[in-house]
Amino acid sequence: MTVYDVCIIGGGASGLIAAISAKRTRPDLKVIVIEKNDRVGKKLINTGNGRCNITNADISADHYYSSDNAFFDYFDGFSLNDTKDFFESIGVLFKEEEKGKIYPYSLQASSVLDALRYECERLLVDIHCSEKVEKLDKSNDKFQVATNLSSYTSQTVIIAAGGAASDKLGGCRDGYNLLKQYGHTCTPLYPCITAVKTELNLIKALKGIKTDAILTLKVGNSRKSDFGEILFTEYGISGPPVLQLSQMLKGRADNALFSIDFMPEYDFESIVSMIKKRLNSVYEDKLENLFIGMLNKRIGQTIIKSAGLQLSDSASNLNEKEIRGIVSKIKKFPLEVTGVRGFEYAQVTGGGIELNRFNHETMQSNLCKGLFACGEVLDMTGDCGGFNLQWAWTSGYKAGLSAARSIKR
Ligand SMILES: Cc1cc2nc3c(=O)[nH]c(=O)nc-3n(C[C@H](O)[C@H](O)[C@H](O)COP(=O)(O)OP(=O)(O)OC[C@H]3O[C@@H](n4cnc5c(N)ncnc54)[C@H](O)[C@@H]3O)c2cc1C
């Protein structure tokens, strides 16, 4: 049986960079990546709609969430510029788009995965796919890693098994369970960066419509807004601003209300004047035609109804109060949150294994020497926009480097 120095459980973003950093640090070491899927990086090639939003120009504490107050210390030693240098060293160039989102210049997630895979090959990392780690024991200072096919001995182990989100791409709870076995505790998990279920009565007729809007989410006393394309669906709403704000819900719907501004370029009073001007020229004098050329037809009709008016009512008879009622629905269309879509639809898992039991410089467990962890399995969640992959690169690189440095011979 081959005895390894570094055994990495999970061949996703954090596991692959961990393997590369371990081998670059100590080329003499034997490093293995064990991946349960039939190939590595299945989630990675689906990131950013196949374009891989690899990181963000604004890597700062404002974009991350964790139960650990000192969470941003974990970014020390390998952050944005190190990530850029690392990827450039394997041939990946970058392109920056709106909101600081950084993509590979090729705009192909597959090219990021190829570059990582080829570097692993060049460095002679052993990669075993279609093998699921089922058991992890430690005796005589060495780990025994049992899979469905074989078992391995290793001096150090890095848990890079990801989180519970998106099971079709490899998401599962194995990483949490393996770490819990060594005394680590896990915060409650919740689906994050996911579509949201809302009351449907008001928006039934909007299914399939996409529109640019400012979406505001109020949860208890906190409130955040984001601009972008909203998609109305059979369960509620989706689209970039919804995914972005879903983090605030922490998987729950209590006290949560969306409001949609369908005309963010115009203030309330300008829309009031705009409507007054068109009152007497509305085709057939019916409210259903009030918004022709102004709003999507079905959105316009939904607004009329939600303002308590009938589509067949006369437009020229609208009074000041009714006009203002209509405009308040255009600027602040209310939509009650009823739930979030589950882990299977989520991009990321909120919560995870508590960070404070890991050394922030090395990613080594304080509870079990030789055991390291990185990536989504830990309690660090980023906003949508490249922040989660940055955490995978940061924590994976540091774990690989430290695991390799910890081997004495
Ligand atoms: C559709 C989608 C789009 C996304 N887009 C972006 C984006 O553009 N930008 C961004 O920053 N983030 C994005 N994310 C999030 C990002 O992909 C993850 O945060 C990141 O991949 C986490 O890296 P990881 O290494 O921790 O986990 P993963 O990449 O999930 O890798 C973990 C690996 O471990 C394997 N594994 C688990 N258990 C075992 C076991 N017992 N034995 C062997 N192997 C095991 C899994 O099969 C998996 O391959 C997206 C996520 C999804 C689902």
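As the structure is a computational prediction, the values presented were derived from the model and not from experiment.

Visitor: Before we move on, could you go through the overall build of the chain and cite the residues and values that matter?
Guide: Looking only at helices and strands, the chain has 9 helices and 20 strands in total. By the burial criterion, 47% of the 409 residues in the chain qualify as buried. Look at the contacts in the chain between residues 6 or more apart in sequence, and 75% of them connect residues 24 or more apart.

Visitor: Run through the site of the ligand, naming residues and quoting values.
Guide: What surrounds the ligand is a group of 40 residues, the closest being Gly10, Gly12, Gly162, Gly170 and Gly375. Going through the elements one at a time, helix H1 (13–25), helix H4 (174–180) and helix H9 (387–405) are the ones with two or more residues in the shell around the ligand. The biggest single contributor to the shell around the ligand is H9, with 4 residues. When its residues are assigned to classes, the shell around the ligand shows 15 nonpolar, 18 polar and 7 charged.

Visitor: Quick one: what's the story with the pairing of strand E14 (residues 222–232), residue by residue and with numbers?
Guide: A regular strand places its side chains on the two faces of the sheet in alternate fashion. Looking at chain direction, strand E13 (residues 210–219) and E14 are connected through 10 bridges and run antiparallel. Its bridge partner lying in E14, Leu215 is registered against Asp226. Count of turn residues in the E13/E14 antiparallel hairpin: 2 residues, of which Gly220 carries a positive phi of about 55 degrees. The antiparallel pairing of E14 with strand E15 (residues 236–238) creates a hairpin that spans 3 residues between the two strands.

Visitor: Talk me through the domain arrangement of the chain; I want residue IDs and the actual numbers.
Guide: Considered domain by domain, the chain is made up of domain 1 (3–190 + 345–405) and domain 2 (196–341). Facing 9 residues of domain 1, the contacting portion of domain 2 comprises 7 residues. Partitioned by chemical class, the residues of the side of domain 1 that touches domain 2 number 5 nonpolar, 3 polar and 1 charged.

Visitor: Tell me about the pairing of strand E8 (residues 133–139), residues and numbers included.
Guide: In this structure, E8 lies alongside strand E9 (residues 142–147), joined through 6 bridges in antiparallel fashion. Each bridged residue has a counterpart across the sheet, and for Leu136 the counterpart in E9 is Val145. Remark: 2 residues form the turn of the hairpin made by E8 and E9, two consecutive strands paired antiparallel; Asn140 in that turn has positive phi of roughly 50 degrees.

Visitor: Please provide a residue-by-residue account of the sheet that holds strand E12 (residues 196–198), values included.
Guide: Strand pairing in a sheet relies on backbone hydrogen bonds, with the paired strands running either antiparallel or parallel. In space, the 6 strands of this closed barrel follow the order E12-E15-E14-E13-E16-E17, with antiparallel pairing throughout. Taking each pair of neighbouring strands and ignoring which way they run, the sheet shows an average axis angle of 45 degrees. Summarising the sheet, E14 and E15 pair through 2 bridges and their orientation is antiparallel. Residue Leu231 lies in a different strand from E15, and its bridge partner there is Ser238.

Visitor: Lay out helix H7 (residues 297–306) in plain terms, naming residues and giving numbers.
Guide: Along H7, the residues classified as buried are Ile299, Gly300, Thr302, Ile303 and Ile304. Contact partners of the buried residues in H7: E13, helix H8 (320–331) and strand E17 (333–340). Phi turns positive, to about 85 degrees, at Gly308, one or two residues after H7.

Visitor: Give a description of the packing of helix H6 (residues 268–278) against H8 that names residues and reports values.
Guide: It is at 10 Å that the axes of H6 and H8 come closest, and there the two elements cross at 130 degrees. Here H8 runs oblique to H6, going by the angle between their axes. The way H6 lies across H8 gives a crossing that is right-handed. On H8, the residues that touch Phe268, Ile271, Val272, Ile275 and Lys276 of H6 are Ile323, Arg324, Ile326, Val327, Ile330 and Lys331. By residue class, the composition of the contact of H6 with H8 is 8 nonpolar, no polar and 3 charged.

Visitor: Can you break down the sheet that holds strand E3 (residues 55–56) residue by residue, with the values?
Guide: Read across the open sheet, the 3 strands follow the order E3-E6-E5; overall the sheet is antiparallel. Of all strands in the sheet, those with a lone pairing partner are E3 and strand E5 (94–96), marking the two edges. Relative to strand E6 (residues 101–104), E3 runs antiparallel, the two sharing 2 bridges. Residue pairing for E6: Asn56 is matched across the bridge by Lys101.

Visitor: Mind laying out the nonpolar core, listing which residues take part and the relevant values?
Guide: One broad trend across soluble globular proteins is that nonpolar side chains are buried collectively. By size, the foremost hydrophobic cluster in this structure holds 70 residues, and its most contacted members are Ile9, Ile158 and Ala373. In terms of nonpolar packing, the next biggest core, distinct from the first, is built from 44 residues, Ile271, Ile299, Ile304 and Val348 among them.

Visitor: Outline unusual backbone geometry, listing residues and values.
Guide: For Leu124, which is not glycine, the phi dihedral falls at a positive 60 degrees. Among the secondary structure elements, Leu124 is positioned in the loop between helix H3 (109–122) and strand E7 (126–128). In the Ramachandran plot, Ser166 falls in the positive-phi region, its phi being about 60 degrees despite a non-glycine side chain. Position of Ser166 among the secondary structure elements: in the loop between strand E10 (151–159) and H4.

Each value, and the rule that gives it
- Going along each chain's sequence as written, the residues are numbered from 1 onward.
- pLDDT decides what is reported in this predicted model: residues at 70 or higher carry local features, side-chain atom pairs at 80 or more are listed and counted, and totals for whole chains, interfaces and linings draw on all residues regardless.
- For helices the rule is a DSSP run of H or I covering at least 4 residues; for strands it is a run of E covering at least 2, with both sets numbered from the N terminus onward.
- To sort residues by exposure, count the other C-beta atoms lying within 10 Å of each residue's C-beta; 20 or more gives buried, 12 or fewer gives exposed, and values between give partly exposed, all with C-beta atoms placed from the backbone.
- Whether two residues are in contact is decided by their C-beta atoms, placed from the backbone, lying within 7 Å.
- All residues are tested the same way: a C-beta atom is placed from the backbone, and lying within 6 Å of a molecule or strand makes the residue near it.
- The residue classification treats Ala, Val, Leu, Ile, Met, Phe, Trp, Tyr, Cys and Pro as nonpolar and Asp, Glu, Lys and Arg as charged. All others, Gly included, are polar.
- Strands are labelled as partners when DSSP assigns at least two bridges between them.
- Domain start and stop positions are those given by an automatic or database domain assignment.
- To get an axis, fit a line to the C-alpha atoms, keeping to the stretch in contact for a helix; angles then go from 0 to 180 degrees between the N-to-C directions.
- Orientation categories follow fixed angle ranges, with anything under 35 degrees roughly parallel, anything over 145 roughly antiparallel, 65 to 115 roughly perpendicular, and all other angles oblique.
- By convention, the crossing between two helices is left-handed when the near helix turns anticlockwise from the far helix through less than a right angle, and right-handed when the turn is clockwise.
- Core membership is restricted to buried Ala, Val, Leu, Ile, Met, Phe, Trp, Tyr and Cys residues, and these are joined into a nonpolar core through C-beta atoms within 7 Å.

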